[in-house]
Amino acid sequence: MKAIDLIKAEKPSLSLEVFPPKTGAKFESIKEACDKVGALKPDFMSVTYGAGGGTSEFTIDIASSLQKKYNMPVLAHLSCISSDRAGVRAQLDKMKAAGIENILALRGDIPEDAAPRDTWDYHYASELVAEIKEYGGFCIGGACYPESHPESANQKEDIKALKAKVDAGCEFLTTQMFFDNAIFWNFLYKIREAGVDVPIVAGIMPITKAKQVERAVKLSGTQVPSRFKYMVDHFGSDDEAMRQAGIIYASEQIVDLLANGVPAIHIYTMNDATIAEGIMNNISKLLK
Ligand SMILES: Cc1cc2nc3c(=O)[nH]c(=O)nc-3n(C[C@H](O)[C@H](O)[C@H](O)COP(=O)(O)OP(=O)(O)OC[C@H]3O[C@@H](n4cnc5c(N)ncnc54)[C@H](O)[C@@H]3O)c2cc1C
C-alpha cells in the first residue's frame, strides 16, 4: 500500500520510525527491538538509512521483514549523497524486489571526507526524487525543516528548495523534530504561501532522558521552549519521572496537532517500543 493513501485518508495516520544497526554484530538485537515497535501496529513503519554504508545494507532487510511479519506498509529511507547513480538504481531494484512501495528520499549529511563537490552524482534530495520518479512505481516522500535546514542561508531559500523537491515528484513531507508547535504552524503557513501543497507529516521526538536534549538540539538546531526546559531541569535527574514527563510532553504536542487538523503524525521511537506504546495509549481515541 502507498503511504500517501494512508496520509490522505480521512483518519489521521500514525507512523513509527526505527533505525537499523550500525554493524552486523548488533543486527539481531536491533531487529528484535524494531519488531517490538512493529508489533504496536501503527499505520506504517519507517526505517532509516545510514549514509556512507554501515546501516544502509540493513534498511531493506528490516523494512521488508516488518512488512511481511505485520502485513503493514513500510517507508524505507534512502539517501544519495554517498552514492552514484548505479548504486541508487541497485537500491531501487532491491527495494522493488522486496515489495517495498514507499521511499523517503533524502540527500543525507555531507560526510567530512567527501570527494570534491563536482564529482558527486547527487547534490540535493530533489535529484534523487526525480530519479526515483523516473524509475517509477514508488510513492516518494521527503524531509522538511520547520526551523530551516542548518545549511540554508535563510528560511526563504530553504522553502524555495523545498518547493523544487515537491515539484520533482515528492508526494508528502515529514518534518524534522520540533518542541514548540507554534514553530510548526508558522512553517505550515509559510510553505502554503510558497505553493508547497503536499501533506505534511509532523515528526515528534519524545525526549525521555535529559542527555538526549543536547544531542537533539545539536542535530536539528531546534529551539527549546522554556516549558520544555523547565521539565528537563526539574525531572531530568530522575529516570522514571523524566521518561513519564517526556511521554506526556510528546503526547500533548500530538493532541494539539491532531486537534488542528494535521493529517499524519510520525514518532521518532529511537527503537524503544515502550515509549511509543506510552504515547499511543495516551492518544488511542484520537486517531479516528
Ligand atoms: C524526517 C527525516 C528523516 C531523515 N532520515 C534520514 C535517514 O534515514 N538517513 C540519513 O542519513 N539522514 C536522514 N535525515 C537527515 C537528512 O539526511 C539531513 O538533514 C541532510 O542534511 C539533508 O537531507 P535532505 O534530504 O533534507 O536534503 P535537501 O532537501 O537536499 O536539502 C539539503 C540542503 O540543501 C538545500 N537545497 C536543496 N535543494 C537545493 C537547490 N536546488 N539549490 C540550493 N539549495 C538547495 C536545502 O535548502 C537544504 O539546506 C532525515 C531527516 C528528516 C527530517
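Scroll up to find the structure this text is about.
Let me sum up the structure you'll find in this document.

Each value, and the rule that gives it
Residues numbered from 1 in each chain as written. Predicted model: local features only at pLDDT ≥ 70, side-chain atom pairs only at ≥ 80, totals over all residues. Heavy atoms only, no water. Phe/Tyr/Trp six-rings, centres within 6.5 Å; stacked < 30°, edge-to-face > 60°. Buried < 20%, exposed > 50% of the residue type's maximum accessible area, 1.4 Å probe, protein only. Pairing = 2+ DSSP bridges. Helix = DSSP H or I, 4+ residues; strand = E, 2+ residues; numbered from the N terminus. Axes fitted to C-alpha atoms, helices over the stretch in contact; angles between N-to-C directions. Contact = heavy atoms within 4.5 Å.

1. Here's the deal with the packing of aromatic side chains
All chains considered together, the criterion is met by 6 aromatic pairs. Ring centres 5.2 Å apart and planes at 20° place the aromatic pair Phe178 and Phe184 in the stacked group. Residues Phe178 and Phe184 agree in their burial class; the two are buried. Three or more aromatic residues joined by ring pairs form one cluster here, namely Phe178, Phe184 and Trp185.

2. A word on the sheet that holds strand β2 (residues 44-47)
Strands pair in a sheet through their backbones, by hydrogen bonds, and they do so in one of two ways: parallel or antiparallel. With respect to topology, 8 strands assemble into a closed barrel ordered β1-β2-β3-β4-β5-β6-β7-β8, the strand pairing being parallel. Within the sheet, the average angular offset between the axes of one strand and its neighbour, ignoring direction, is 25°. Note: strand β7 (residues 200-204) against strand β8 (residues 264-268), 4 bridges, orientation parallel. Counted as the bridge partner of Gly203 is His266 from β8. Against the sheet, helix α10 (residues 239-259) touches β7 and β8, its axis set at about 165° to β7.

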